[in-house]
Amino acid sequence: MSGLMALIGVGLGSLLSSRAQARAWERDEMRRWRDVRRTAYGDFLAAVRQYRSYVTGPGSRVNVSLHPDGRRLVPGIGQEDSEYQEKMEAAFAAVQMVAQDQDPVDAAHLLTRMARRTAVASAIPGAEAVREDIEQRFFSAEHDFLIAARRSLDLRPTSIAFTRDGLGRVDSRLVEIYQGQLGSGDT
């Protein structure tokens, strides 16, 4: 009887050990996927920012053509400068592949679309009136992507509410000082 009890004890210990190992493996796998997602989200954000920086820069060469649907314009970047667009598109594809749910993918898609519209607006002389709206929507889309990415990574949300309240006054004051300096340079 004691031999049977020992055998049951060994079997039970083996089963419990196996279950503990399986749980540890699952935790490690979840951690690895979270790290993969964090890297993909960071790479995507960096690629979008590089693309935006390029297309709004003085040396950019962006052409614009009408989309086949006739309702929007599509930016085109020449072969020699296509690395920024290719990195952005590849990073977006990576987000699509590793995202755990649809929210980061949707937010990344919107941010990519806003980056393209930034390129279009930068390439069209006389589009200054639209650029400010695009800039605001771009930064809003970027913030929405960060929120969706943080949620996907099980991180607490962040807030930029302080910028909406206080930065308007700061901006007004900076503009006032700047315009004052322009006025004093004329005399």
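Structural data are supplied above this passage.
Residues numbered from 1 in each chain as written. Predicted model: local features only at pLDDT ≥ 70, side-chain atom pairs only at ≥ 80, totals over all residues. Heavy atoms only, no water.

## Section: the pattern of salt bridges
A pair can form between side chains of opposite charge whenever their charged atoms are brought close. As a reminder, the rule being used: Any Lys or Arg side-chain nitrogen located within 4 Å of an Asp or Glu carboxyl oxygen qualifies as a salt bridge. We count a stretch as a helix when DSSP gives it H or I for four or more residues in a row; a strand needs E for two or more, and each element gets its number in order from the N terminus. For every residue, the accessible area obtained with a 1.4 Å probe (protein chains only) is divided by the maximum for its type, and the residue is called buried under 20%, exposed over 50%, and partly exposed between those limits.
For the structure shown, the criterion picks out nine salt bridges. Across the pair Glu135 and Arg52 runs a salt bridge whose closest N-O atoms are separated by 2.3 Å. Taken together, the positions of Glu135 in helix α4 (residues 128-152) and Arg52 in helix α1 (residues 2-56) put the pair 83 residues apart, joining distant regions of the chain. The exposure class of Glu135 is partly exposed, given its relative accessible area of 22%. Residue Arg52 is classed as buried on the basis of its relative accessible area of 18%. Between Arg137 and Asp133 there is a salt bridge; the shortest N-O distance is 3.0 Å. In this pair, Arg137 and Asp133 are both assigned in helix α4, four residues apart and thus about one turn of the helix distant. Several salt bridges converge on common partners, so that one network encompasses Asp69, Arg71 and Arg72.

## Some points on the nonpolar core
The criterion, for reference: To define a nonpolar core, start from buried Ala, Val, Leu, Ile, Met, Phe, Trp, Tyr and Cys residues and group those joined through side-chain atoms within 4.5 Å. By definition in these notes, contact holds between two residues if any of their heavy atoms fall within 4.5 Å.
Residues Tyr41, Phe44, Val48, Tyr51, Val55, Leu111 and Phe145 are the most contacted members of the largest nonpolar core, which totals 30 residues. Only α1, α2 (83-98), α3 (102-123) and α4 provide two or more residues apiece to this core. Setting aside residues up to four positions removed in sequence, Phe145 forms contacts with Tyr41, Phe44, Leu45, Pro104, Ala107, Ala108 and Leu111.

## A word on the packing of α2 against α3
Put simply, the test is: Whenever a helix is involved, its axis is fitted only over the stretch in contact; in every case the axis is a line through C-alpha atoms, and angles between N-to-C directions fall within 0 to 180 degrees. Any angle that is under 35 degrees is reported as roughly parallel, and any over 145 degrees as roughly antiparallel; angles of 65 to 115 degrees are reported as roughly perpendicular and all others as oblique. Crossing handedness: left-handed means the near helix sits turned counterclockwise from the far one by under a right angle, and right-handed means the same turn made clockwise. Gly counts as polar in this scheme, as do all residues outside two lists: the nonpolar Ala, Val, Leu, Ile, Met, Phe, Trp, Tyr, Cys and Pro, and the charged Asp, Glu, Lys and Arg.
Direction vectors running N to C along α2 and α3 enclose 165°, while the axes themselves pass 9 Å from each other. For the element pair α2 / α3, the angle class is roughly antiparallel. When the axes of α2 and α3 are compared, the crossing they make is left-handed. From α2, Met88, Glu89, Phe92, Val95 and Gln96 reach across to α3, where they touch Pro104, Val105, Ala108, His109, Thr112, Ala115 and Arg116. Considered class by class, the residues forming the contact of α2 with α3 number seven nonpolar, three polar and two charged.

## Brief notes about α4
Where we set the bar: One fewer than the residue count of a helix, multiplied by 1.5 Å, yields its expected span.
Between its first and last C-alpha, α4 extends 36 Å over 25 residues, near the 36 Å set by a 1.5 Å rise per residue. Along α4, the residues classified as buried are Ile134, Phe138, Ala141, Glu142, His143, Phe145, Ala148, Ala149 and Ser152. Of the residues one or two after α4, Asp154 is the one with positive phi, at around 60°.

## Focus on the pairing of strand β1 (residues 62-66)
Heads up, the condition is: Two strands qualify as a pair provided DSSP detects at least 2 bridges between them.
Direction of pairing for β1 relative to strand β2 (residues 73-77): antiparallel, over a ladder of five bridges. Note that in β2 the partner of Ser65 across the bridge is Val74. The hairpin formed by β1 and β2 contains six residues between the paired strands, and Gly70 there has a positive phi angle of roughly 75°.

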